Amino acid sequence: MIPRNIEHLPDVLYPPNEWAIVETGFDRTWMGNAETLFSLSNGFLGVRGMFEEGRPSIEAGTFCNGFHETWPIVHAEEAFGFARTGQTIVNVPDVTLLKLHVDDEPLYLPTARLTDYERTLDFASGVLRRDVNWSSPSGKQVSIRSSRIVSLEYRHLGVIVFDVEVDTDASVVVSSQMVNRQDGVAGDEPVGGNGHDPRRARGFVDRVLNARDHHERDLRIVTGYATTNSRMTLGVGIDHAVETENEWSSTASWSEDLGKVVFVIQARAGVPIRITKYFSYHTSREVPGKELVDRCNRTLDRAVAGGYEEIAAAQRTYLDHFWERSDVVVDSEPRVQQAIRWNIFQLCQASARAETTGIPAKGLTGRAYEGHYFWDTEIYVTPFLTFTEPRIARNLLRFRHSMLEKARQRAGELSEAGALFPWRTISGDEASSYYAAGTAQYHINADIAYAVKHYVEARGDDDLLVEVGVEILVETARMWVSLGFFDPDDDTFHIHGVTGPDEYTTVVNDNTFTNLMARRNLRYAAEKTRWLLSERPDDYARLVHRTGLKEDEIGLWERAASSMYVPFDEKRGINPQDDSFLEKERWDFAGTPRDRYPLLLNYHPLVIYRHQVIKQADVVLALVLLGDEFDLEQKKRNFDYYDPITTGDSSLSACVQSILAAEIGYEEKALEYFRYALFMDLADVAGNVVDGVHIASTGGVWMTLAYGFGGMRSFDGNLSFDPRLPAEWGGLDFSIRWGESRLHVVLRHDEYRFTVTEGPPVLCTVCGSAVTIPDTGELTVAPPASGGT
């Protein structure tokens, strides 16, 4: 992988803190990155880390998961089956604005004289706080403190507490606003498009949100909107509570793009002012905006009645439970522990209330990738949720199942049977306009099937398998036998014209990752349909009714799986990425300047496609996900071949390379890649953190800790541990859910301790030996180097 410079957050501005990100000074050069790093979200509602003053900002944004506008995809040259309708997440009205004026002078950070400044994102409380002491132009000392929450407990609710105090009598004005930014205006500069970076979201030329309904009462403003093309509806509202002994008055006004309540306070020295701003968002594909206005009103009624303290207490309780289940502790430098918790906190924020939706590639921290759902969720995020938050993992699998009918239609468009899930989507329709690196990634079917298998085996959840899983398995298996073919000469099964995870090598024959994952998909589909026929015949009958399944189809899946062709090069002892990959010329890495990466922004696709050069782990990912099919020597040979030609231009690569490097004993390289993944956003390794958090990479960080250094694996319902604890770490602690049990794992260089903290005993393998971890007490195992198990 191409070396990256990891420049940590500057300690002078962001000192290490194991439970928070703390910003100790305002620095405009870091502002765009900070808007991402200080984002708040609950999986439904996301608010970037903008200042309450509104300006300056780089990429101001507020997003509701799944709320999108559609637009026609215009192809320079048309062809049958191309995606027709684009989908882009909408930057919904911004409610964070609380513009402060003291004696008619506005607080504007770039020019303000600040005697004190601190902003803190607290992982334990889920609160974003900012404390500012401002010396106004007239010399008055103004203390400003804000506390912001996007509620994890209450899906549609957020709150800001805004405290102001002056040392000398002054006229204080606070303009609380709800602003609908239109025409692609995201921050101080209009975002009219994405340049030539396909990762960035497009801007909108025409109006997106149209006000349809409005409610105004006292200090409350609520508006209902409808999008122009997708016809989705949105309700957004704000309400306020004022606590002060100063005299004050307010006026409210509203237009389609701006609603505001202006507070005028005759502030006396030392007399505090507190304005609590509650905000609510509701969205729908079908419900009229007027009903969403009513829902916002009900949410705001409850919030105002309970007050900020109730919301803050519920937030803390939610996170107490989350960290009990999900915390990972490493005995290393504080900066590493801080980064680990920041990454895990992002997983919480991206998924906690992602109910009836997927998880966008950037979560709700930015508009990059248009707010689309990819395979990232099933392969990089669902493992964390399966082992720590199974309720959310179940919801995500149900959401994929909800797209099944559109996936069937898409398969038909591409002349295949079964179902083909969209490569990138919000609504369930394919939104990838570049088929070579998009639609051709048929492996998404197997990735979803893999997530079903992994979840069901880890949880023992046969009910979810019957509810949604087996139908997904049937339709994805049908697609594979339709897409592939049996060679008439040797009866091997081949899959041609596909793209694997590596988007620098497209539309190839027999991509190793795809064939291996399809084989696992086919085998599991056959296994579980036969199990359903035998053990739950009534459910099997219902499956046949829904899918038209015929029993001879199952035999065909088994035959295709057993005959699956998997490329292997006898001379090198490796698995070629596809059947022609090794015939290509190697990329000239020595002659490629560092500023020409990522390659996709600097070279025509055809230049890239004709070379051996890899954007992200492909074969190496297969070795991790399907590690039970390869021995250690095979893994080492493949890693040694592919690692030098992997650019790491994708944030999905470093974590996977770290996991395999740890397994094969490359400790130094495993730590190097782990640091790339760990600081992907905090150190802006990819150079685009301003566009949002790399959510899949945050999931990969957890996988690297648990799978890589913790040595945890689960294949075919069997749990095992073979730790690879780095010499420079004193220890590694984490917890998982396995079946109905909760297991706490403590790894030290001289001993491994396993404790069942909830549920029945756990059977597993530790360093190759079968053990039973009792439901009372703990099991201690000596590492092999200390005398074996």
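Residues numbered from 1 in each chain as written. Predicted model: local features only at pLDDT ≥ 70, side-chain atom pairs only at ≥ 80, totals over all residues. Heavy atoms only, no water.

## Description of the overall build of the protein chain
Argument step 1. Secondary structure summary: the protein chain contains 17 helices and 32 strands in total.
Argument step 2. Taken over the C-alpha trace, the protein chain has a radius of gyration of 27 Å; the compact-globule value for 789 residues is 28 Å, and the two agree within 12%.
Argument step 3. The buried share of the protein chain, reckoned over its 789 residues, is 64%.
Argument step 4. Taking as baseline every contact in the protein chain between residues at least 6 positions apart, the subset at least 24 positions apart corresponds to 67%.
Argument step 5. Put simply, the protein chain shows about 27,700 Å² of open surface, and 48% of that area lies on carbon and sulfur atoms.
Argument step 6. Across the protein chain, the mean location of the 79 positive side-chain charges is 2 Å away from that of the 116 negative side-chain charges. (Helix = DSSP H or I, 4+ residues; strand = E, 2+ residues; numbered from the N terminus. Rg over C-alpha atoms; globule rule 2.2 N^0.38 Å. Buried < 20%, exposed > 50% of the residue type's maximum accessible area, 1.4 Å probe, protein only. Contact = heavy atoms within 4.5 Å. Areas by Shrake-Rupley, 256 points an atom, 1.4 Å probe, with all protein chains shown as cover. Lys, Arg positive; Asp, Glu negative; His and termini not counted. Charge placed at Lys NZ, Arg CZ, Asp CG, Glu CD.)

## Here we look at the sheet that holds strand S17 (residues 247-255)
Strand pairs in the sheet, formed through backbone hydrogen bonds, run parallel or antiparallel to each other.
Argument step 1. Spatially, five strands are ordered S8-S7-S13-S18-S17 in an open sheet, and the strand pairing comes out antiparallel. Each end of this open sheet is capped by a strand with a single partner; those strands are strand S8 (105-106) and S17.
Argument step 2. Here two bridges tie strand S7 (residues 98-102) to S8, and the two strands are oriented antiparallel to one another. The residue of S8 that forms the bridge with His 101 is Pro 106. (Pairing = 2+ DSSP bridges.)

## Considerations on the packing of helix H9 (residues 512-535) against helix H10 (residues 537-547)
Argument step 1. Close contact between H9 and H10 brings their axes to 5 Å; oriented N to C, the two are set at 125°. If you check the angle between H9 and H10, you find them oblique. From H9, Thr 529, Leu 532, Leu 533, Ser 534 and Glu 535 reach across to H10, where they touch Pro 537, Asp 539, Tyr 540 and Leu 543.
Argument step 2. Taken together, the residues that form the contact of H9 with H10 break down as five nonpolar, two polar and two charged. (Axes fitted to C-alpha atoms, helices over the stretch in contact; angles between N-to-C directions. Parallel < 35°, antiparallel > 145°, perpendicular 65-115°, else oblique. Nonpolar A, V, L, I, M, F, W, Y, C, P; charged D, E, K, R; others polar.)

## A few points about the nonpolar core
Argument step 1. Counting 236 residues, the largest nonpolar core has Leu 100 and Trp 702 as its most contacted members.
Argument step 2. Among the elements that make up this core, the one with the highest residue count is helix H8 (residues 462-483) (13 residues).
Argument step 3. Grouped together as the second largest cluster of nonpolar side chains are 14 residues, Val 127, Tyr 278, Cys 296 and Ile 311 included. (Core = buried A, V, L, I, M, F, W, Y, C linked by side-chain atoms within 4.5 Å.)

## Topic: the pattern of salt bridges
Argument step 1. Under the definition given, this model contains 56 salt bridges.
Argument step 2. For Arg 325, the salt bridge goes to Glu 389, with nearest N and O atoms at 2.7 Å. In this pair, Arg 325 is assigned in helix H2 (residues 289-326) and Glu 389 in the loop between helix H4 (376-388) and helix H5 (390-402), connecting sequence segments 64 residues apart.
Argument step 3. Residue classification places Glu 389 among the buried residues on the basis of a relative accessible area of 7%.
Argument step 4. By sharing partners, the salt bridges in this structure join Glu 405, Arg 408, Glu 471, Glu 475, Arg 478, Arg 546 and Glu 553 into a single network. (Salt bridge = Lys/Arg side-chain N within 4 Å of Asp/Glu carboxyl O.)

## A few points about the confidence of the model for the protein chain
Argument step 1. Put simply, the protein chain has an average pLDDT of 94, and 96% of its residues get 70 or more.
Argument step 2. Taken together, the stretch residues 183-193 has pLDDT below 50 and engages in 28 contacts with residues farther than four places along the chain or on a different chain. (pLDDT = per-residue confidence, 0-100.)

## Notes on the sheet that holds strand S3 (residues 45-47)
Argument step 1. Here three strands make up an open sheet; going across it, the order is S2-S3-S4 and the pairing antiparallel. Of all the strands in the sheet, just strand S2 (40-41) and strand S4 (62-64) have a single pairing partner and so form its edges.

## What about the packing of H4 against H5?
Argument step 1. As a packed pair, H4 and H5 sit with axes 6 Å apart at the nearest point and diverge in direction by 140°. Contacts between H4 and H5 involve Thr 377, Glu 378, Thr 382, Leu 385, Thr 386 and Thr 388 from the former and Pro 390, Ile 392, Ala 393, Leu 396 and Arg 400 from the latter.
Argument step 2. Of the residues contributing to the contact of H4 with H5, the split by class is five nonpolar, four polar and two charged.

## Some remarks on helix H7 (residues 443-459)
Argument step 1. End to end, H7 covers 24 Å across 17 residues, agreeing with the expected 24 Å (1.5 Å per residue, within 8%).
Argument step 2. The buried fraction of H7 amounts to 16 of the 17 residues, a majority that puts the element mostly inside the structure.
Argument step 3. Two residues or fewer after H7 comes Gly 460, characterised by a positive phi angle close to 65°. (Expected span 1.5 Å × (residues − 1).)

## A short note on the packing of aromatic side chains
Argument step 1. Following the criterion strictly, the structure yields 30 aromatic pairs and no others.
Argument step 2. Between Tyr 369 and Phe 374, the aromatic rings sit 5.7 Å apart at their centres with planes inclined by 80°, giving edge-to-face as the arrangement.
Argument step 3. Pairwise contacts between aromatic rings join Trp 19, Phe 322, Trp 323, Phe 384, Phe 387, Trp 702, Tyr 707 and Trp 738 into one cluster.
Argument step 4. Across from the ring centre of Tyr 641, 4.8 Å away, lies the NZ or CZ of Arg 586, which sits over that ring. (Phe/Tyr/Trp six-rings, centres within 6.5 Å; stacked < 30°, edge-to-face > 60°. Lys NZ or Arg CZ within 6 Å of the ring centre and 35° of its normal.)

## Observations concerning the pairing of strand S15 (residues 220-227)
Argument step 1. Taken across its eight residues, S15 has eight buried, putting it largely inside the fold.
Argument step 2. With burial as the criterion, each face of S15 is covered, one bearing Arg 220, Val 222, Gly 224 and Ala 226 and the other bearing Ile 221, Thr 223, Tyr 225 and Thr 227.
Argument step 3. Where strand S14 (residues 209-217) and S15 come together, eight bridges link them in antiparallel fashion. Its bridge partner lying in S15, Glu 216 is registered against Ile 221.

## Focus: unusual backbone geometry
Argument step 1. Look at the link from Arg 55 to Pro 56: it is a cis peptide, with omega at 0°.
Argument step 2. Residue position: Pro 56 is located in the loop between S3 and S4.
Argument step 3. Cis peptide bonds are those with omega within 30 degrees of zero, and the linkage from Tyr 597 to Pro 598 qualifies with -5°.
Argument step 4. Mapped onto the elements of the fold, Pro 598 is located in the loop between strand S23 (585-586) and helix H12 (605-609).

## Focus: the environment of Ser 735
Argument step 1. Among the secondary structure elements, Ser 735 is positioned in strand S27 (residues 731-738).
Argument step 2. With a relative accessible area of 9%, Ser 735 lands in the buried category.
Argument step 3. In the structure, Ser 735 is positioned 403 residues away from Ser 332 in sequence and 18 Å away in space, judged by C-alpha atoms.

## Some thoughts on the state of the cysteines
Argument step 1. Applying the stated criterion across every chain, the model contains zero disulfides.
Argument step 2. Cysteine Cys 64 shares no disulfide, and the gap to the nearest cysteine sulfur, in Cys 296, comes to 9.1 Å.
Argument step 3. The class of Cys 64 is buried, set by a relative accessible area of 0%.
Argument step 4. Unpaired in this structure, Cys 655 has its nearest cysteine sulfur neighbour in Cys 348, at a distance of 20 Å. (Disulfide = S-S within 2.5 Å.)

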